[in-house]
Amino acid sequence: MGPHPAVAAIRLAVRRVLHDILNEHSRTTDVPAPSSPRAAALHASPVPATGASRTLLDTALAPSYELPRTTPHERPPSPLVLVACSGGADSMGLASALAFEAPKLGLRAGAITVDHGLQPGSDLRAEEVALRLRELGLDPVESIAVTVGRAGGPEAAARDARYAALDDAADRHGATAVLLGHTRDDQAETVLLGLARGSGIRSLSGMAAVSGTGGRYRRPFLGLDRQTARKACMVQSLSVWDDPHNSDPAYTRSRLRQEGLPALEKALGKGVVEALARTAQLSRDDADALDAWASQAEAAVRDATGLLECAKLYALPPAVRRRILRRAAIEAGAPAGSLFARHIEEVDRLITGWRGQGAINLPGKVVAQRQGGRLVIRQG
């Protein structure tokens, strides 16, 4: 008899991501020699390893996976994958699935828990979470205390501190990837928050399955709902901690989770979360295509000195033109997190609604102005 369906679902999601990580890692090194007749046969097969054949190949090779040897008697350590774990159901379920799947693929698995210091006893709770992670067999396991600032509000400041700690830990341990426990429900909330801000299609695209420098961060659970992860923890008797901030109405996401989404489901019927998650993927595909178009078009709208030519910008579709303007503002020093749609719209009017208006002030002391048919964006 196999595992409970919820446990099987989270393990499958993690297994797929680990296969991706392993395949990407092997492409950056020499292909290891197969160590079994069956693996050798599959390795030499002329059939392209895509789709079902790729899955079969991965399954056959996984137990005997070996990294290239640096000497005849020494081989480099296998790739390390970390999981970011708060102790909640989503991340504990993810940690349990990683601990189960990684050894089968020849990968090392560790964990990081971050103590934000925002609640009394948070340091003790972080140590308890670290203990549970070690009991799962994860190694290394580290509890990291951070100081949360105030920039951007409490939620953004906590997120910035957390990712900085995870980046530092991944660098110190030489981790290939860090797994995050965001679920389909989290994705739906992110889409709604982006919609409320009115900040464009990129915000509607939600969280990427792969993000960070070099694709460091992976989100295996974006296709799974929150209840699946919680059920998997329950049937495995995993202790979980429910962060009171997740139900605190002082936080925007908490209000959306407790009041907004339930109200939408009551008004529109079940399936809102799934529809929003699907919208995120469609929006991401569109945003990626427009970003690529803007990258290709940018060189053609600059003159010999590198300045943007207003007439050529005017000829571009608005979605492409505004992407070029945003990128130019960021390159000039405007902080991406402080550069909103309204800023870019004002700059865009220098091209589409030119009436001799003065310079536009942007975040980061960046100034945009039109001079002799050219758009100049620089530090003021």
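Treat the numbers as computed from the prediction; the structure is a model and nothing was measured. (Residues numbered from 1 in each chain as written. Predicted model: local features only at pLDDT ≥ 70, side-chain atom pairs only at ≥ 80, totals over all residues. Heavy atoms only, no water.)

1. Topic: the packing of aromatic side chains
And step 1. The full count for this structure, using the stated rule, is 1 aromatic pair.
And step 2. Aromatic side chains Tyr 163 and Tyr 217 sit 5.2 Å apart centroid to centroid with 85° between the ring planes, which places their arrangement in the edge-to-face category. Of the two residues, Tyr 163 sits in helix H6 (residues 154-173) while Tyr 217 sits in strand S6 (residues 217-218), which places them 54 residues apart along the sequence.
And step 3. Taking relative accessible area as the criterion, Tyr 217 reaches 4% and is therefore assigned buried. (Phe/Tyr/Trp six-rings, centres within 6.5 Å; stacked < 30°, edge-to-face > 60°. Helix = DSSP H or I, 4+ residues; strand = E, 2+ residues; numbered from the N terminus. Buried < 20%, exposed > 50% of the residue type's maximum accessible area, 1.4 Å probe, protein only.)

2. Examining the side chain of Glu 309
And step 1. Following the sequence through the fold, Glu 309 ends up in strand S7 (residues 308-309).
And step 2. Here Glu 309 falls in the buried class, since its relative accessible area comes to 16%.
And step 3. Sequence-distant contacts of Glu 309, defined by excluding residues within four places in its chain, comprise Val 301, Arg 302, Asp 303, Gly 373 and Arg 374. (Contact = heavy atoms within 4.5 Å.)

3. Looking at the side chain of Asp 348
And step 1. Relative to the elements of secondary structure, Asp 348 occurs in helix H14 (residues 341-352).
And step 2. When residues no more than four places from it in sequence are discounted, the contact partners of Asp 348 are Arg 321, Arg 322 and Leu 325.

4. With respect to the sheet that holds strand S1 (residues 80-84)
And step 1. Strand order in this open sheet of 6 strands is S3-S2-S1-S4-S6-S5, and the pairing throughout is mixed. Each of the sheet's edge strands pairs with one partner strand only, and the pair in question is strand S3 (141-145) and strand S5 (210-211).
And step 2. Relative to S6, S5 runs antiparallel, the two sharing 2 bridges. From the neighbouring strand, Ser 211 faces S6, where its bridge partner is Tyr 217. (Pairing = 2+ DSSP bridges.)

5. Considerations on the pairing of S1
Side-chain positions along a regular strand alternate between the two faces of the sheet.
And step 1. For S1, a buried count of 5 out of 5 residues is recorded, marking the element as mostly surrounded by other parts of the structure.
And step 2. Along S1, one buried face is formed by Leu 80, Leu 82 and Ala 84 and the opposite face, lined by Val 81 and Val 83, is buried too.
And step 3. Once the chain exits S1 it traverses helix H4 (residues 89-101) before rejoining the sheet at strand S2 (residues 108-115), and the crossover so formed is right-handed.
And step 4. In this sheet, strand S4 (residues 177-179) lies alongside S1 in parallel orientation, the contact comprising 3 bridges. By the bridge assignment, Val 83 is partnered in S4 with Leu 179. (Right-handed = clockwise from strand over helix to strand, strands pointing away.)

6. Thoughts on the nonpolar core
Note on soluble globular proteins: their nonpolar side chains tend to be buried together.
And step 1. With 37 residues, the main nonpolar core has Leu 18, Val 83, Leu 98, Leu 133, Leu 138, Leu 179 and Phe 221 as its most contacted residues.
And step 2. Taken together, the elements giving at least two residues each to this core come down to helix H1 (5-27), S1, H4, S2, helix H5 (122-135), S4 and helix H9 (226-235).
And step 3. For this core, the element with the most residues is H1, which contributes 9 residues.
And step 4. Excluding anything up to four places from it in sequence, Leu 98 contacts Val 14, Leu 18, Val 81, Leu 82, Val 83, Pro 103, Ala 109, Gly 110 and Leu 179.
And step 5. Counting residues in each nonpolar core, the second largest holds 25 residues, with Leu 325, Ala 328, Ala 332 and Ala 334 among its members. (Core = buried A, V, L, I, M, F, W, Y, C linked by side-chain atoms within 4.5 Å.)

7. Focus on the sheet that holds strand S8 (residues 360-362)
And step 1. Sheet architecture is open: 4 strands sit in the order S7-S10-S9-S8, paired in antiparallel fashion. A single partner strand is all that each edge strand has here, and the edge strands are S7 and S8.
And step 2. The pairing of strand S9 (residues 366-371) with strand S10 (residues 374-379) spans 6 bridges and is classified as antiparallel. Paired with Arg 370 across the two strands is Leu 375, which belongs to S10.

8. Overview of helix H11 (residues 272-298)
And step 1. In this model, H11 (27 residues) spans 38 Å end to end at C-alpha, consistent with the 39 Å of a helix rising 1.5 Å per residue.
And step 2. Where H11 is concerned, the buried positions are Val 272, Val 273, Leu 276, Ala 277, Ala 280, Ser 283, Arg 284, Ala 287, Ala 294, Ala 297 and Glu 298.
And step 3. On the buried face of H11, the contacting elements are helix H7 (184-197), helix H8 (201-204), helix H10 (252-268) and helix H13 (318-331). (Expected span 1.5 Å × (residues − 1).)

9. Section: the pairing of S10
And step 1. Bridge analysis of S7 against S10 gives 2 bridges, and the strand direction is antiparallel. Considered in S10, the bridge of Glu 309 is made with Arg 374.
And step 2. Between S9 and S10, which follow one another and run antiparallel, lie 2 residues, and Gly 372 among them has a positive phi close to 55°.

10. A word on the pattern of salt bridges
And step 1. Summed over the entire model, instances satisfying the criterion amount to 26 salt bridges.
And step 2. Bridged by salt links that share partners, the residues Asp 186, Glu 189, Arg 226, Arg 253 and Arg 257 form one connected network. (Salt bridge = Lys/Arg side-chain N within 4 Å of Asp/Glu carboxyl O.)

11. Focus on unusual backbone geometry
A negative phi angle characterises most non-glycine residues, just as the trans form characterises most peptide bonds.
And step 1. Between Asp 139 and Pro 140 the backbone carries a cis peptide bond, its omega angle lying at 10°.
And step 2. Note that Pro 140 resides in the loop between H5 and S3.
And step 3. Of note, the phi angle at Ser 237 is positive, near 60°, even though the residue is not glycine.
And step 4. By secondary structure assignment, the location of Ser 237 is in the loop between H9 and H10.
And step 5. Judged by relative accessible area, Ser 237 falls into the exposed class, the value being 64%.
And step 6. In the Ramachandran plot, Lys 365 falls in the positive-phi region, its phi being about 60° despite a non-glycine side chain.
And step 7. Mapping Lys 365 onto the fold places it in the loop between S8 and S9.

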